Amino acid sequence: MGHAHESNVGRIWKVFGILSLITVVEVALGIYKPHSLHFTNVLGMNLLNWIFIILTVAKAYGIMWAFMHLEGEKASLRWSIVGPLVFLIIYLVFILLVEADYIYDVFKTSTIKWNF
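None of the values given here were measured: they were computed from a predicted structure.

S.K.: Hey, could you go over helix α1 (residues 9-32) for me, with residue numbers and the actual values?
M.R.: Counting along an α-helix, one turn takes 3.6 residues, and residues three or four places apart therefore face a common direction. End to end, α1 covers 34 Å across 24 residues, agreeing with the expected 34 Å (1.5 Å per residue, within 8%). Among the residues of α1, those classed as buried are V15, L19, I22, E26 and L29. Looking at the packing, one finds that the buried side of α1 touches α2 (35-38) and α3 (47-67). Immediately beyond the C-terminal end of α1, within one or two residues, lies K33, with a positive phi of roughly 40°.

Quick look at the structure:
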């Protein structure tokens, strides 16, 4: 005799709703660009960009948690998957900030002007 298979339809709709809500917030912030978030600098980048990065990472983690079935795994396996990704995201944000600041300074102080 086989056992009954549990339906995960409710769980899928819940994850879909949460991810959709985060996406709607991102799109709304991208369209309206609130002045208080857009012109507040934190660590060399405006607060609105930080919010986008954080919300995108939260969505990526939610997708991994729900659809890669990480919630049922041991903590060591979860961290072996999530840990390198967290390190990679921190590294990419660091490169983004350093290189963008360098390019801005080069164009701001040199004879080369913005031509694109």
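S.K.: Account for a nonpolar patch on the surface, naming residues and giving values.
M.R.: The grouping of L85, F87, L88, Y91, L92, F94, I95 and V98 at the surface amounts to a nonpolar patch, some 760 Å² of accessible area in total. Within the secondary structure, L88 sits in helix α4 (residues 75-109). Residue L88 is classed as partly exposed on the basis of its relative accessible area, which comes to 41%.

S.K.: Can you tell me about the packing of α1 against α3, naming the residues and giving the values?
M.R.: What describes two packed helices is the angle between their axes and the distance between those same axes. Interhelical geometry of α1 versus α3 gives an angle of 165° and a closest axis separation of 10 Å. With respect to α3, the axis of α1 lies roughly antiparallel. Between α1 and α3 lies a crossing of left-handed hand. From α1, R11, V15, L19, I22, T23, V25, E26, L29 and G30 reach across to α3, where they touch L48, I51, F52, L55, T56, K59, I63, W65, A66 and F67. Class assignment of the residues belonging to the contact of α1 with α3 gives a composition of 13 nonpolar, three polar and three charged.

S.K.: With reference to specific residues and values, describe the pattern of salt bridges.
M.R.: Taken as a whole and assessed by the stated rule, the structure comprises two salt bridges. The salt bridge partner of E71 is R11, with a shortest N-O separation of 2.6 Å. Taken as a pair, E71 in the loop between α3 and α4 and R11 in helix α1 lie far apart in primary sequence, 60 residues in all. When its relative accessible area of 30% is taken as the criterion, R11 is described as partly exposed.

S.K.: Explain the packing of aromatic side chains residue by residue, including any values.
M.R.: Following the criterion strictly, the structure yields three aromatic pairs and no others. Note on W13 and F16: the rings are 5.5 Å apart at their centroids and 90° apart in plane angle, and the pair reads as edge-to-face. Separated by three residues within a single helix, W13 and F16 lie in helix α1, roughly one turn from each other. Classification of W13 by relative accessible area gives exposed; the value is 56%.

S.K.: Account for the confidence of the model for the protein chain, naming residues and giving values.
M.R.: Put simply, the protein chain has an average pLDDT of 85, and 92% of its residues get 70 or more. Looking at the elements of the protein chain, mean pLDDT is at its lowest for α4, recorded as 83, and at its highest for α1, recorded as 94.

Criteria and cut-off values
Residues numbered from 1 in each chain as written. Predicted model: local features only at pLDDT ≥ 70, side-chain atom pairs only at ≥ 80, totals over all residues. Heavy atoms only, no water. Helix = DSSP H or I, 4+ residues; strand = E, 2+ residues; numbered from the N terminus. Expected span 1.5 Å × (residues − 1). Buried < 20%, exposed > 50% of the residue type's maximum accessible area, 1.4 Å probe, protein only. Contact = heavy atoms within 4.5 Å. Patch = residues over 30% accessible without salt bridge, like charges linked within 9 Å, V, L, I, M, F, W, Y side chains within 5 Å. Areas by Shrake-Rupley, 256 points an atom, 1.4 Å probe, with all protein chains shown as cover. Salt bridge = Lys/Arg side-chain N within 4 Å of Asp/Glu carboxyl O. Axes fitted to C-alpha atoms, helices over the stretch in contact; angles between N-to-C directions. Parallel < 35°, antiparallel > 145°, perpendicular 65-115°, else oblique. Left-handed = near helix turned anticlockwise from the far one by under 90°. Nonpolar A, V, L, I, M, F, W, Y, C, P; charged D, E, K, R; others polar. Phe/Tyr/Trp six-rings, centres within 6.5 Å; stacked < 30°, edge-to-face > 60°. pLDDT = per-residue confidence, 0-100.

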